[in-house]
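Architecture at a glance
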Amino acid sequence: MKKAIFILLIAAILLTTGCIRKNQAEKSDISVLVFITGVIAGSPTYELMAEGALEYAKLNPMANIKIYEAGVNQALWEQQLTEMVSEGIYDIVMGSNPAMPQLCVNVARLFPDQKFIILDAHHEGHPQIRTYFYNQYEQSLILGYLAGLITTSNMPYANNRKRIGFIAAQEYPLLTGHMVPGFIEGARMVDPQIELDYRLVGSWNDANKASDLASAMMSSGVDVFTSIAGGAAQGLIKTAVERGAYIVWYNANAYNLAPGFIVGCGIMEQKKLVIEILNDAAMNKIQYGLSDILGLKDGYLGFIFDDPGYYDNIPLEIREKFEAFVKDRMSI
Ligand code: RBF
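Here is a short report on the structure shown in this document.

With that settled, the discussion passes to the overall build of the chain. The helix and strand inventory of the chain stands at eleven helices and twelve strands. Counting only C-alpha atoms and orienting by the principal axes, one finds that the chain spans roughly 80 × 60 × 30 Å. Considering only contacts in the chain between residues 6 or more positions apart, those separated by 24 or more positions represent 68%. Computing the positive centroid from 26 side-chain charges and the negative centroid from 35, the chain places the two 5 Å apart.

Below, the structure written as structure tokens:
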């Protein structure tokens with residue numbers, strides 16, 4: 001009996017060490033260029049991507065991760081990407097921007113061995129490009145529903161008007177086709193009479209312009225805002241704090257930027273996704289040419305309920321309605 005247990009034990013040890021060795025052998029050291037289409041500071045989707053890549057690098061010291069900020073001049077992005085790829089040292093270019101696949105298609109023509117993994121974008125059928133598209137309509141719908149509950153409430157900064165605001169830096173199909181429609185549709189599920197005041201900054205870093213827009217919008221009755229404006233959103237926050245208005249925030253935990261004013265934050269699980277992708281890439285498990293669509297049900301979009309910035313500022317009655325709505329959307 002003792003002998004049998006001993007043999008079993010040895011077999012188990014051999015099996016597990018064998019497996020570990022096999023996994024290590026399969027895992028290659030990857031070299032990744034994280035290409036930021038803009039600047040990281042103030043842009044939640046870029047911050048999360050960079051954090052994910054750096055965390056992966058910490059766990060895998062052999063990996064070579066280069067984070068490159070291309071800056072706000074969009075006219076230069078393709079040339080910058082071409083120059084970086086021409087160095088020939090990156091197995092993968094990673095980015096997060098709905099406009100990036102087109103740049104990759106152009107650069108891929110010159111470098112047929114270069115692989116591109118782009119998040120927050122949708123592009124199928126290209127053998128060098130893999131994309132992951134977040135269903136931002138869903139996040140917009142829940143943030144819009146919360147904005148609708150707030151503008152129709154008697155919370156301290158809510159007024160009598162049923163008017164919510166959306167400040168965007170620049171128009172692009174994901175914004176105009178999914179996010180703005182989702183936001184207003186969500187609000188109108190609370191009350192069909194809610195109006196949307198939608199304005200464009202024209203830049204991802206002009207905080208003064210965003211502040212002026214927010215001020216004008218408040219004068220026209222907006223009491224709850226959202227924005228997709230990168231660093232320019234700092235101007236919205238400043239005005240909302242100075243004059244008293246609420247903000248619901250996309251993609252990341254921003255409650256601490258303006259406690260009591262930013263009262264609802266959605267979350268894009270981009271950091272988690274980046275780490276998963278880099279692990280897969282190191283094992284050569286990425287299938288190029290495909291696009292995943294990730295939403296609330298998949299656990300890659302959500303809402304941060306577990307924060308005093310939310311539960312200390314939103315009255316219980318509103319939270320109950322909102323939480324029931326989100327739960328419904330998650331099980332649809
Ligand atoms: N989002 C940011 O937070 N900061 C940016 O600088 C930024 N620049 C963008 C430039 C272009 C051309 C496009 C199409 C989108 C940009 N976005 C930016 C939006 C971002 O990629 C994403 O769609 C939103 O953050 C919503 O998920």
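Ordered by their spatial adjacency, six strands build an open sheet running 2-1-3-4-5-11, and the pairing between neighbours is parallel. Looking at strand neighbours, the two that pair on one side only are strand 2 (64–69) and strand 11 (291–294), the edges of this open sheet. Going from strand to strand, the sheet's axes swing by 15° on average, the running direction of each strand aside. In this sheet, strand 4 (residues 115–119) lies alongside strand 3 (residues 92–96) in parallel orientation, the contact comprising five bridges. Residue pairing for strand 4: Val93 is matched across the bridge by Phe116. On top of the sheet, helix 3 (residues 77–86) reaches strand 1 (31–36), strand 2, strand 3 and strand 4; it is set at about 170° to strand 1, its chief contact.

Here the focus is the nonpolar core. Counting residues in each nonpolar core, the largest one holds 93 residues, and the members touching the most others are Met94, Ile150, Phe225, Leu278 and Phe322. With eight residues, helix 5 (residues 136–151) is the largest single contributor of residues to this core. Not counting residues up to four positions away in its chain, the partners in contact with Phe322 are Ile142, Tyr145, Leu146, Leu149, Phe303, Phe305 and Tyr310.

The rules behind the values
Residues numbered from 1 in each chain as written. Predicted model: local features only at pLDDT ≥ 70, side-chain atom pairs only at ≥ 80, totals over all residues. Heavy atoms only, no water. Helix = DSSP H or I, 4+ residues; strand = E, 2+ residues; numbered from the N terminus. Contact = heavy atoms within 4.5 Å. Lys, Arg positive; Asp, Glu negative; His and termini not counted. Charge placed at Lys NZ, Arg CZ, Asp CG, Glu CD. Pairing = 2+ DSSP bridges. Axes fitted to C-alpha atoms, helices over the stretch in contact; angles between N-to-C directions. Core = buried A, V, L, I, M, F, W, Y, C linked by side-chain atoms within 4.5 Å. Buried < 20%, exposed > 50% of the residue type's maximum accessible area, 1.4 Å probe, protein only.

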